[in-house]
Amino acid sequence: MDVKSRCLTSWRSDTMFAMALRKMAEPPASVLAAFQLTAPVRPLAGGQGQSFRAGDAVLKPVDSREEAEWAARVFADLSATAEFRVPRPFRSREGAYVVEGWTASEFLVGQEGPAEKWVSLIASSRALHRELRHVPRPGLLDRRADPWAAADRVAWGEVSSLRSANADELLVRLGELKGPVEAPSQLIHGDLTGNVLFQPGQPPAVIDFSPYWRPVSYAEAIVVADGLLYHHAGPELIEAVLPGREGLQMLVRALIFRLATLAIWAGQGEMVPQEELTRFAGVTRVVEDRMRVALTD
């Protein structure tokens, strides 16, 4: 289960009901015709239960037409490399990337990592971000209001910390570890952990673009945080990917981001599951220990 799927378990009942209705809705025939797709439609695992496959295409509903059109153009402009691949976005007969709230893109074969694939995952991340470094910052990022965008702003101190029924203490504890960072920001993919597919003989495939304007090392810190929290990665992953004090600072922000996301999904006054708080507390202790060592170096 990827991190976004874990967050979905904390949705309130009204949201879950609306989402259930959405999950049952296949792309309509008019959308398939617009993208010139004739193969049978069947649901795909993952993708928050909203993705469908039709032949060599994957269809997904979008929350923001503006963001989906922009992201498709970004991926369409990426050059093919030996280090990563991305799904080619499809255009409709009229040249649009979004039709009636749906996008279509190339289906790429591969198995979801990241177990025992950390080196390859980070290498593909760095290659992708080298290709993205010249993309200008889109104004649409300022208009995003989804829980992940809100949690990211909490992690970077751009909004005041949120209120949670039982995660406040741990969020404050993590916030007290924050210090300044110097790495420059650029366009990044902020949810790589479960969105890089591996296939023998082919470069890793990066899917489900989650755009943020942050340092590249923050994208990698989110991968490390996910590894420590959910994928049984050991502390050696920190040293391998996020060396030095600045790496630890990125990891602190990544942990705040993930915990704040859970708190937002839980809703004000609702509880983050205790098993999640236990995970975060354990990783926070690891970071605190490493920060104490770094201060003595």
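Now for a look at the structure at hand. In this text, all values refer to a predicted model and were calculated from it rather than measured experimentally. (Residues numbered from 1 in each chain as written. Predicted model: local features only at pLDDT ≥ 70, side-chain atom pairs only at ≥ 80, totals over all residues. Heavy atoms only, no water.)

### Examining the nonpolar core
Ranked by size, the top nonpolar core spans 72 residues in total, and within it L251 and L255 carry the most contacts. Per-element tally for this core: the top contributor is helix α11 (residues 244–266), with 14 residues. A34, F35, L37 and A54 belong to the second largest nonpolar core, which has 13 residues in total. (Core = buried A, V, L, I, M, F, W, Y, C linked by side-chain atoms within 4.5 Å. Buried < 20%, exposed > 50% of the residue type's maximum accessible area, 1.4 Å probe, protein only. Helix = DSSP H or I, 4+ residues; strand = E, 2+ residues; numbered from the N terminus.)

### Details of α11
Over its 23 residues, α11 extends 34 Å from the first C-alpha to the last, a length consistent with the 33 Å expected when each residue adds 1.5 Å. With 19 of its 23 residues buried, α11 lies for the most part within the structure. Of the residues trailing α11, G267 is marked for its positive phi of about 95°. (Expected span 1.5 Å × (residues − 1).)

### A closer look at the sheet that holds strand β5 (residues 111–112)
The 3 strands lie next to each other as β5-β7-β8, forming an open sheet whose pairing is antiparallel. Among the strands making up the open sheet, the edge pair consists of β5 and β8 (205–206). Looking at chain direction, β5 and strand β7 (residues 196–198) are connected through 2 bridges and run antiparallel. Directly across from Q111, in β7, lies its bridge partner F198. (Pairing = 2+ DSSP bridges.)

### As for the pattern of salt bridges
Within this structure, the stated rule accounts for 18 salt bridges. The shortest N-O distance in the salt bridge between R163 and D168 comes to 3.3 Å. Between E275 and R279 there is a salt bridge; the shortest N-O distance is 3.8 Å. Residue E275 and its partner R279 are both found in helix α12 (residues 274–296); the two are separated by 4 residues, about one turn of the helix. Several salt bridges converge on common partners, so that one network encompasses E67, R144 and D146. (Salt bridge = Lys/Arg side-chain N within 4 Å of Asp/Glu carboxyl O.)

### As for the packing of aromatic side chains
Counted according to the given criterion, the structure contains 7 aromatic pairs. Their ring planes at 80° and their centres at 5.3 Å tell us that W156 and Y218 sit as a pair that is edge-to-face. Taken together, the positions of W156 in the loop between α7 (147–155) and α8 (168–175) and Y218 in helix α9 (residues 216–230) put the pair 62 residues apart, joining distant regions of the chain. By the burial criterion, W156 is buried, and Y218 matches it. Ring pairing ties together the aromatic residues W156, Y212, Y218 and F257, which thus form one cluster. Over the ring of Y212 we find R144, and its NZ or CZ is 4.8 Å from the ring centre. Directly above the aromatic system of W156 lies the positively charged group of R253, at a separation of 4.9 Å from the ring centroid. (Phe/Tyr/Trp six-rings, centres within 6.5 Å; stacked < 30°, edge-to-face > 60°. Lys NZ or Arg CZ within 6 Å of the ring centre and 35° of its normal.)

Function cannot be read off these values alone, since they describe shape.
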